[in-house]
Amino acid sequence: MRSLIYLDNAATTRVAPEVAALMRRCMLRDYGNPSCYHGFGLAAEALRERARRQLSVAVGDPRGRRGRIVFTSCGTEADALAVLGAARARASSGRHVVVPTFEHKAILGNVDALRHEGFRVTTVAVGGDGVIDPAAFARALRKDTVLVGCMLVQNEIGTIQPVAEIARAVRARRGDEVHIHCDAVQALGRLPIDVAELDVDSLALSGHKIHAAKGVGALWLRNHSPVNPLWRGASQEESRRAGTENVPGIAGFGLAAEMAVARIGPERERLTRLRRKLLGLLTEGVAGIQVLGTHAVPHIVAVALKGHRFKRLATMLQEQGICVSGGSACGVPEGHTHVHAAIGLPEDTRAVRISMSRYTTERDIEQAARRIVQVARTVGLTGA
Ligand code: PLP
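None of the values given here were measured: they were computed from a predicted structure.

J.: Could you give an account of the pattern of salt bridges, naming the residues involved and the relevant values?
T.: Between side chains of opposite charge, pairing is possible as soon as their charged atoms come close. Scanning the entire structure with this criterion turns up 24 salt bridges. Note that Glu238 and Arg68 form a salt bridge whose closest N and O atoms lie 3.0 Å from each other. In this pair, Glu238 is assigned in the loop between strand E8 (217-222) and helix H8 (247-262) and Arg68 in strand E2 (residues 67-72), connecting sequence segments 170 residues apart. Taking the relative accessible area as the measure of exposure, Glu238 reaches 47% and is therefore partly exposed. A residue is classified by how much of its surface remains accessible, and Arg68, at 25% relative accessible area, is partly exposed. A salt bridge links Arg171 to Asp201; the shortest N-O distance between them is 2.9 Å. Taken together, the residues Arg171 in helix H6 (residues 163-174) and Asp201 in the loop between helix H7 (195-198) and strand E7 (202-206) connect sequence positions 30 residues apart. Take Asp201: its relative accessible area is 3%, and that puts it in the buried class.

J.: Run through the site of the ligand, naming residues and quoting values.
T.: Around the ligand, a shell composed of 13 residues is seen, among which Gly75, Thr76, Asp183, Ser206 and Lys209 lie nearest. Within the contact set of the ligand, an oxygen atom lies 2.6 Å away from a side-chain nitrogen or oxygen of Thr76. Protein contacts shield 91% of the accessible area of the ligand, which totals 390 Å² for the unbound molecule. Ranked by the residues each element gives to the shell around the ligand, the list is headed by helix H3 (residues 75-89), at three residues.

J.: Which residues make up the nonpolar core, and what are the values?
T.: Of all hydrophobic cores here, the largest spans 72 residues; its most connected members are Leu203, Leu205 and Phe253. A per-element tally of this core places H8 first, with eight residues. When residues of this core are assigned to domains, at least three fall in each of domain 1 (5-13 + 264-383) and domain 2 (17-262). Leaving out residues up to four positions away in the same chain, Leu205 has contacts with Leu55, Val59, Ile69, Cys74, Gly75, Ala78, Ala184, Val185, Leu188, Gly217, Ala218 and Phe253. Within the second largest apolar cluster, 29 residues are counted, among which are Leu278, Leu305, Leu313 and Val352.

J.: Report on H3, specifying residues and quantitative values.
T.: Its 15 residues give H3 an end-to-end C-alpha distance of 21 Å, which sits within 8% of 21 Å, the value for a rise of 1.5 Å per residue. Along H3, twelve of the 15 residues are buried, which leaves the element largely enclosed by surrounding structure. Taken residue by residue, H3 has Gly75, Glu77, Ala78, Asp79, Ala80, Leu81, Ala82, Val83, Leu84, Gly85, Ala86 and Ala87 as its buried positions. Buried positions along H3 lie against E2, helix H4 (105-116), strand E5 (145-149), strand E6 (179-183), E7 and E8.

J.: Pulling in residues and values, what's your account of the sheet that holds E2?
T.: Read from one edge of the open sheet, seven strands run E2-E8-E7-E6-E5-E3-E4, paired in mixed fashion. The open sheet terminates on both sides in strands that have one partner only, identified here as E2 and strand E4 (120-124). Strand-to-strand twist of the sheet, defined as the mean angle between neighbouring strand axes without regard to direction, takes the value 20°. Across the sheet, helix H2 (residues 39-58) touches E2, E7 and E8, and the angle it forms with E2 is around 120°.

Reading the values: rules and limits
Per chain, the residues get numbers from 1 upward, laid out in the order the sequence is written. Totals for whole chains, interfaces and linings use every residue, but because this is a predicted model, local features are given only for residues with pLDDT of at least 70 and side-chain atom pairs only at 80 or more, for both listing and counting. Side-chain measures were taken over the full set of non-hydrogen atoms in the model, leaving aside hydrogen atoms and water. Salt bridges are defined as contacts in which a side-chain nitrogen from Lys or Arg sits within 4 Å of a carboxyl oxygen from Asp or Glu. Under the scheme used here, helices are H or I runs from DSSP no shorter than 4 residues and strands are E runs no shorter than 2 residues, and both carry numbers assigned from the N terminus. Each residue is placed in one exposure class: buried if its accessible area under a 1.4 Å probe, protein chains only, is under 20% of its type's maximum, exposed if it is over 50%, and partly exposed if it falls in between. What makes a residue near a molecule or strand is one non-hydrogen atom of that residue sitting within 4 Å of it. Identification of polar contacts relies on pairs of N or O atoms within 3.5 Å, with a donor-acceptor requirement for protein atoms, meaning one able to donate a hydrogen and the other able to accept it, and with residues adjacent in sequence counted only if both atoms are side-chain atoms. Calculation of accessible area relied on Shrake-Rupley with a 1.4 Å probe; when residues are assessed, cover is drawn exclusively from the protein chains displayed. To define a nonpolar core, start from buried Ala, Val, Leu, Ile, Met, Phe, Trp, Tyr and Cys residues and group those joined through side-chain atoms within 4.5 Å. Where each domain begins and ends is defined by an automated method or by a domain database. Two residues qualify as a contact provided that any one of their heavy atoms is within 4.5 Å of a heavy atom in the partner residue. Multiplying 1.5 Å by the helix residue count minus one yields the expected span of that helix. DSSP bridges decide pairing: two strands pair if at least two such bridges lie between them. Lines fitted to C-alpha atoms define the axes, with helix axes restricted to the stretch in contact, and inter-axis angles between N-to-C directions lie between 0 and 180 degrees.

Written out as structure tokens, the structure reads:
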């Protein structure tokens, strides 16, 4: 097999060495339980609280005046806490939920669970450009709507969603009666995030997408927004999420967020240059290749190919050492996903998602593009 080129950073990222060093310290030296009132406990608590401040800064709430970070085990749990917790807390005033068709399964799966609890769900369709229309969203609202959700960056095609405009449209009709949740897992550290500007009630984040470890996430939760905990136990995280905290993961997540936010601007420029180079090489090599979605973050590049031998494409890319996804990490590599269906991609067309990070080099992009073109030609795929 050829040398591996990792271009699946929307699935997960390599842990930054600085983060790994801090986590090691938390495991070997400052290993106390942050709920304990002694030297070890206080050291662990200080690490956890520093991370909470770092994440509050990362979402534009530096003094924690608007809300609070609740640590979770991952982005999925943060989404579940917001979706299930907010809907259940408001169930006595209504049982209707609105989400776009192309949300991550971390949202859709939990919305489905609400359906089984008797909630009604309206899904908002998206156009071929992969961007939600705020007016369409507003039209889906009802008198009994208690929860709406919209992701900030679509994980399969990278499109940036007009969350602030959606929130404005929702607030204009229903004020604070509706909980507005935003999944910002793919946006953190890639776009500046400001919870006041977005005017959301909650925002889900995940560590492993920004060079922290797997197994840690967070929910920013607006003050006075009612959210029921998913389970009961001791009073960690102000009783919103019982269970002894993963302090190494949390401390590393805080540092990773601080590092990512500090370099958003220059990284965005660098990744935009790499994106341009990648797309240039792919369009030169595969006639008619189609880029999915407009107004996308630079690090996620989704391209569509037409043909019938997609299984062969996935196998050959893997043999060539190209580590990319078909859609999301959670789907079948050669599959036609719910997101592809949502943006109207025909059944005989498949997408390849190439996603970059701060460790992706120009050489990686040149080599990967060469190998992808070679594979597409061998398999007989063309542009969509
Ligand atoms: N939301 C989005 C948009 C994602 O891309 C992902 C992960 O792929 C998640 C939620 C779930 O995050 P985690 O893997 O931390 O559970």
